[in-house]
Amino acid sequence: MDNRDFDTQRPRKKASRETIRKRQLIALCVIALLVLILILLIAKACAPSSKGGETTPTATTTTAVIITTTTDPALTTTVATTTTAPAEPENNSDFKLDKYVIELAVGGKDMPRVQEYPEGSGEWNENWSSSDENIATVDKWGNITGVAEGECTITLRDGLDTTQEVNIKVIVKGKSETASEEATTGATTEPQSADVGEAPAPSRINVAEAHYEGDTLIVNKTYSLPQSYDPGDLDPTCKEWFYKLANGAAKDGLNIYISSGYRSYDYQSQIYNNYVGIYGTETADTFSARPGNSEHQSGLAIDVNIIDDSFAGTPEAIWLAEHCWEYGFIIRYPENKQAITGYKYEPWHIRYVGSAISKQIHDMGGDTTLEELFGITSQYQN
Ligand SMILES: [Zn+2]
């Protein structure tokens, strides 16, 4: 019985084991197929954001993630460049900002940096507005201030072509968020020089006629730039560090903004000739550069706030004189240096030179000029 049983059952057992194995194999194949499909689905779901031209929410969340999670500045820039394109459809404009989502504390301030303007436009055409001033306000220079907890949209519109507009999502949180927000976005900087870092020397320009002293481009009454040199905008490093400076001032409750940045040879020509017509050459030469001799053509000079004598002695002028060197800038035409620089005192005109030079000048008393530092002249030949 035992034997028979064993014998009769054996072949049956053998057969069922084989079918079980077969079934297991089929099941395994099915599972493998399902896993493959799942992987393909996940890959597909991730693909649109990198392909671009997708929905607005996708673009917004991508940008938001970068701002809130990335702490490595090197990473931020690499990721940011790949996501700038997908963020574009949301804005439907030629404006390019350094960020499209801002997290703020109540009372906190931030300023999105405009990296590109619609063609033919510039900072003078910026038109800022807030969808809800009870949540966040924005001034005409783009300084955003958190008012109360909530969300709203800040819009930057071009003053000339109002179809050109870009939106920034603003999330205002409770006061405790301030520290972490600042640490992650890096948009606001401490007024102390130690926290701002080293402002690099601007990149050298590729112009044979340009006069350099070390790494410092000299544009004054002796050294000029050719009419053909037309960078079209402020030097990017100069611009970047100006906004750090503006953020530093904002932290001290002051508003420092660009009133005149880059000026072309032709534009300077118009300005200068206009002054010559009003005041005559001798007087015009004391405050307005001849075309080719203006630092503004270099893209390394900025006139801030009020461009006249009334700016002197204002809290902003005092702050600028005290702190601009921390951001790589110098007051280019200090008081009582007209015989050296060739220009009367201009507390509003700052020149980007980078920390190495600005610190050196600061250590020498702050009102040292580039002419004194390098032992050069600033005089027209005729
Ligand atoms: Zn100026």
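Before reading on, note that the structure itself is shown above.
The rules behind these values
Residues numbered from 1 in each chain as written. Predicted model: local features only at pLDDT ≥ 70, side-chain atom pairs only at ≥ 80, totals over all residues. Helix = DSSP H or I, 4+ residues; strand = E, 2+ residues; numbered from the N terminus. Buried ≥ 20, exposed ≤ 12 C-beta atoms within 10 Å, placed from the backbone. Contact = placed C-beta atoms within 7 Å. Pairing = 2+ DSSP bridges. Axes fitted to C-alpha atoms, helices over the stretch in contact; angles between N-to-C directions. Core = buried A, V, L, I, M, F, W, Y, C linked by C-beta atoms within 7 Å. Arc of directions from axis to C-beta.

Colleague: Can you walk me through the overall build of the protein in this structure?
Modeller: Check the secondary structure of the protein and you find twelve helices and 15 strands. When burial is assessed residue by residue, the protein has 31% of its 382 residues classed as buried. Considering only contacts within the protein whose residues lie at least 6 apart along the sequence, 67% involve residues at least 24 apart.

Colleague: Please clarify how the sheet that holds strand β15 (residues 346-352) should be interpreted in this entry.
Modeller: Strand order in the open sheet formed by four strands is β12-β13-β15-β14, with antiparallel pairing between adjacent strands. Because the sheet does not close on itself, it has two edges, and the strands there are β12 (258-260) and β14 (329-333). Here the average twist between neighbouring strands, direction ignored, is 50 degrees.

Colleague: How should I be thinking about the nonpolar core in this particular structure?
Modeller: Soluble globular proteins: nonpolar side chains tend toward being buried together. Core analysis: the biggest nonpolar cluster contains 54 residues, and A136, V170, L245 and C324 have the highest contact counts within it. Among the elements that make up this core, the one with the highest residue count is helix α6 (residues 236-251) (seven residues).

Colleague: When you look at the environment of S294 in this model, what are you seeing that I'm missing?
Modeller: Tracing the sequence through the fold places S294 in the loop between α8 (281-287) and β13 (301-304). Its 23 C-beta neighbours within 10 Å are what place S294 among the buried residues. Here the alpha-carbon distance between S294 and L225, two residues 69 residues apart in the chain, equals 8.1 Å. Apart from the residues within four sequence positions on either side, S294 is in contact with V219, R263, Q268 and A289.

Colleague: I tried to follow helix α9 (residues 315-323) on my own but got confused; where do I start?
Modeller: Within an α-helix, residues lying three or four positions from one another point in the same direction, as the helix has 3.6 residues per turn. Of all the positions in α9, only E316, A317, L320 and H323 are classed as buried. The buried residues of α9 occupy an angular sector of 150 degrees when the element is viewed end-on, so they sit on one face. Elements in contact with the buried residues of α9: α6, β13 and β15.

Colleague: Teacher, can you tell me more about the sheet that holds strand β5 (residues 126-130) here?
Modeller: Two modes of strand pairing occur in sheets, parallel and antiparallel, and in both the strands are linked by backbone hydrogen bonds. Taken in spatial order, the four strands of this open sheet run β2-β9-β8-β5, and their pairing is mixed. Each edge of the sheet is formed by a strand with only one pairing partner; in this case those strands are β2 (101-105) and β5. Put simply, the sheet's adjacent strands are angled 25 degrees from each other on average, direction ignored. Bridge analysis of β2 against strand β9 (residues 165-173) gives five bridges, and the strand direction is parallel. Within β9, the residue paired with A105 across the bridge is K173.

Colleague: What is the right way to look at unusual backbone geometry in this model?
Modeller: Negative phi values dominate among residues other than glycine, just as trans dominates among peptide bonds. Positioned with a positive phi, N305 is a non-glycine residue whose angle comes to about 45 degrees. Among the structural elements, N305 can be located in the loop between β13 and α9. One non-glycine residue, N336, lies in positive phi territory at about 60 degrees. Tracing the sequence through the fold places N336 in the loop between β14 and α10 (338-341).

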